[in-house]
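What follows is the residue order along each chain.
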Amino acid sequence: MAPPALFLVTGGAGFIGSHIVERLLTEGQRVRVFDNFSTGSRANLDFARGHRRLEIVRGDLTSFKAVEKAMRGVTAVFHQAAMRSVPRSVADPLGANASNVTGTLHVLHAAAAQKRKPRVVYASSSSVYGDRPDLPKREDQPSAPISPYAATKVAGELYGSVWHRLMGVETVGLRYFNVFGPRQDPKSEYAAVIPRFILWAQQGQPLQVHGDGTQSRDFTYIDNVVAANLLAARADAAKVSGRAYNVGCGSRTSLLEIIAKLERMLGTSIKRKHSPGRAGDVPHTLADVSAGKRDLGYDPVVDFDEGLRRTVEFFTGRKVG
């Protein structure tokens, strides 16, 4: 009889990772979280406090020994741990490389060393496309990174493809497009724009907008990202292994449009303060998700407006229209 499934979630105490953990536990799965808690928080796992199917391991991706130990007996890996911020990667490119490139290589190599090699579903990013003007972004378009963060994600995809071909590890990359939702940290220096806008609006502070606010993103609610990860872990290996897929909604929203929507939801006028654009940022993103639909069965389950409503309710603690 095969042993029961055990899923490893690197960065499982982070925003995206904790939502994957929650979904797996809801399904009755056994989960091992691997996290160094540098940006992740145990509070993100409060929903599972004392859960008998959850194991939490403190460790760092830059230690191959620690990663190899966490990998033992694992059925599949959801590799979410990373330095996620473009501006932080510009400020600390060596740290970004250590976390995102060396760390990913450690995950892949530890998976290859197992007797029963687990599938590795890993977090890539829409930033791999760079600032090329052609929209929507399709997986067959060449990568053109313009930040250290984006370069590390391209490297991770290349390593995933090589370890699939060379080592027989089933790998699936997911190119996330601006994920947002509950439990995203609005107070971090490198916080994502939506939770930070909500926090500032609650405090009555002007919203700091980099550039003129017309830049747009394919903002993707967290439930869509969780669904994509689980689909990628279970999809036909012959179709998906060694490949990377867009995970977005196929629509885009500008920062100015977000502010207008927040004003309607919160029932208040929101001031804003413009500042110069940030180095490494791209003007627009938009995902073509047809490949994911075809091979993974991925179909966004929550659109932007509904996702924004749920996120506002989480951070404000009250229902919004």
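Residues numbered from 1 in each chain as written. Predicted model: local features only at pLDDT ≥ 70, side-chain atom pairs only at ≥ 80, totals over all residues. Heavy atoms only, no water.

(A) Geometry of the overall build of the chain. Tallying secondary structure elements over the chain gives 11 helices and 13 strands in all. Relative to the globule expectation of 20 Å for 321 residues, the C-alpha radius of gyration of the chain, 19 Å, shows essentially globular dimensions. In terms of overall dimensions, the chain has a C-alpha envelope of 60 × 45 × 35 Å along the principal axes. Expressed as a percentage of its 321 residues, the buried residues of the chain come to 53%. Carbon and sulfur atoms form 50% of the exposed surface of the chain, whose accessible area is close to 14,300 Å². (Helix = DSSP H or I, 4+ residues; strand = E, 2+ residues; numbered from the N terminus. Rg over C-alpha atoms; globule rule 2.2 N^0.38 Å. Buried < 20%, exposed > 50% of the residue type's maximum accessible area, 1.4 Å probe, protein only. Areas by Shrake-Rupley, 256 points an atom, 1.4 Å probe, with all protein chains shown as cover.)

(B) Inspection of the pairing of strand S8 (residues 207–210) at higher detail. Alternating positions in S8 separate cleanly, Leu 207 and Val 209 being buried on one face and Gln 208 and His 210 remaining unburied on the opposite face. Pairing of S8 with strand S13 (residues 272–275), which is carried by 4 bridges, proceeds in the parallel orientation. Bridge assignment links Val 209 to a residue of S13, and that residue is His 274. (Pairing = 2+ DSSP bridges.)

(C) Structural detail: the packing of helix H6 (residues 193–203) against helix H11 (residues 304–316). Running from N to C, H6 and H11 point in directions that differ by 50 degrees, and their axes come no closer than 10 Å. With respect to H11, the axis of H6 lies oblique. Between H6 and H11 lies a crossing of right-handed hand. Of the residues in H11, those touching H6 at Ile 194, Pro 195, Ile 198 and Gln 202 are Phe 304, Leu 308, Thr 311, Val 312, Phe 315 and Thr 316. Partitioning the contact of H6 with H11 into residue classes produces 7 nonpolar, 3 polar and no charged. (Axes fitted to C-alpha atoms, helices over the stretch in contact; angles between N-to-C directions. Parallel < 35°, antiparallel > 145°, perpendicular 65-115°, else oblique. Left-handed = near helix turned anticlockwise from the far one by under 90°. Contact = heavy atoms within 4.5 Å. Nonpolar A, V, L, I, M, F, W, Y, C, P; charged D, E, K, R; others polar.)

(D) Representation of helix H4 (residues 93–112) within the structure. For H4, built from 20 residues, the straight-helix expectation of 28 Å at 1.5 Å per residue is met to within 8% by its first-to-last C-alpha distance of 27 Å. Maximum bend of H4: about 25 degrees, positioned at Gly 103. All of the buried residues in H4 are Gly 95, Ala 96, Asn 100, Val 101, Gly 103, Thr 104, His 106, Val 107, Leu 108, Ala 110, Ala 111 and Ala 112. (Expected span 1.5 Å × (residues − 1). Bend = angle between axes of the 7 residues up to and from the residue.)

(E) Region of interest: H11. Over its 13 residues, H11 extends 18 Å from the first C-alpha to the last, a length consistent with the 18 Å expected when each residue adds 1.5 Å. Taken residue by residue, H11 has Phe 304, Gly 307, Leu 308, Thr 311, Val 312, Glu 313, Phe 315 and Thr 316 as its buried positions. Looking at the buried positions of H11, the neighbouring elements they touch are strand S7 (179–180), H6, strand S10 (220–221), strand S12 (253–254) and helix H9 (255–266). Remark: Gly 317 follows H11 within two positions and exhibits a positive phi of approximately 75 degrees.

(F) Local environment of the packing of aromatic side chains. For the structure shown, the criterion picks out 9 aromatic pairs. With a centroid separation of 5.8 Å and 75 degrees between ring planes, the pair formed by Tyr 159 and Trp 163 is classed as edge-to-face. Linking Tyr 159 with Trp 163, this pair stays in helix H5 (residues 148–167), spanning 4 residues, or about one helical turn. One aromatic cluster is present, formed by Phe 180, Phe 219, Tyr 221 and Phe 304 through successive ring pairs. (Phe/Tyr/Trp six-rings, centres within 6.5 Å; stacked < 30°, edge-to-face > 60°.)

(G) Inspection of the sheet that holds strand S4 (residues 76–79) at higher detail. Read across the open sheet, the 7 strands follow the order S3-S2-S1-S4-S5-S6-S11; overall the sheet is parallel. If you trace the sheet from one side to the other, it starts and ends with strand S3 (54–58) and strand S11 (243–247), each paired once. Shown here is a sheet whose adjacent strand axes are inclined to one another by a mean of 20 degrees, direction ignored. Strand direction decides the pairing type here: strand S6 (residues 171–176) and S11, joined by 5 bridges, are parallel. Of the residues in S11, the one forming a bridge with Tyr 176 is Val 247. Strand contacts of helix H2 (residues 64–71): strand S1 (6–10), strand S2 (30–35) and S4, with the helix running at about 175 degrees to S2, the strand carrying the most contacts. Each of S1, S4, strand S5 (119–125) and S6 touches H4; the most contacted strand, S4, lies at about 180 degrees to it.

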